[in-house]
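Inside the fold
Residues per chain, in single letters:
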Amino acid sequence: DLDVGTSGPYSFLKDLKVKYTQAASRPTVGEAELTRLLKNAVDEHNGQGTVAKVHRMESELDEVTELMKDNITKVMERGERIESLVDK
């Protein structure tokens, strides 16, 4: 997704490097544990992207809602002015 930019992937790689280095430094670590570590890191990273998208969508929805409220208010005010002119 181009909207995410490059900070997401670099952040993911940095976190993965730290977790992998910590896990790999233990003498009893196995391939299955490293695979699980990678899967968990990917799942965590993907979940964060989803949350960011949801927050962005909520923000956009709030903006559109406010815009629609303003438009409705303006239409109502125009209607009142038109009625006032018709009455004259």
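Below: a short report on this structure. (Residues numbered from 1 in each chain as written. Predicted model: local features only at pLDDT ≥ 70, side-chain atom pairs only at ≥ 80, totals over all residues. Heavy atoms only, no water.)

1. Digging into the pattern of salt bridges
The condition is simple: Throughout this description, the term salt bridge denotes a Lys or Arg side-chain nitrogen within 4 Å of a carboxyl oxygen of Asp or Glu. Secondary structure elements follow DSSP: runs of H or I no shorter than four residues count as helices, runs of E no shorter than two count as strands, and numbering proceeds from the N terminus. Note on classification: 1.4 Å probe, protein chains only; a residue is buried when its accessible area is under 20% of the maximum for its type, exposed when over 50%, partly exposed between these limits.
The full count for this structure, using the stated rule, is four salt bridges. Taking the shortest distance from any N to any O, the salt bridge between Lys 39 and Asp 43 comes out at 2.7 Å. A residue pair is termed a helical-turn pair when its members lie 3 or 4 positions apart in one helix, as Lys 39 and Asp 43 do in helix H2 (residues 31–87) at four residues. Close ionic contact of Lys 69 with Glu 66 constitutes a salt bridge, the shortest N to O distance being 3.8 Å. Remark: Glu 66 and Lys 69 occur in helix H2; sequence separation between them is three residues, near one turn of the helix. Overall, Glu 66 belongs to the partly exposed group, its relative accessible area being 43%.

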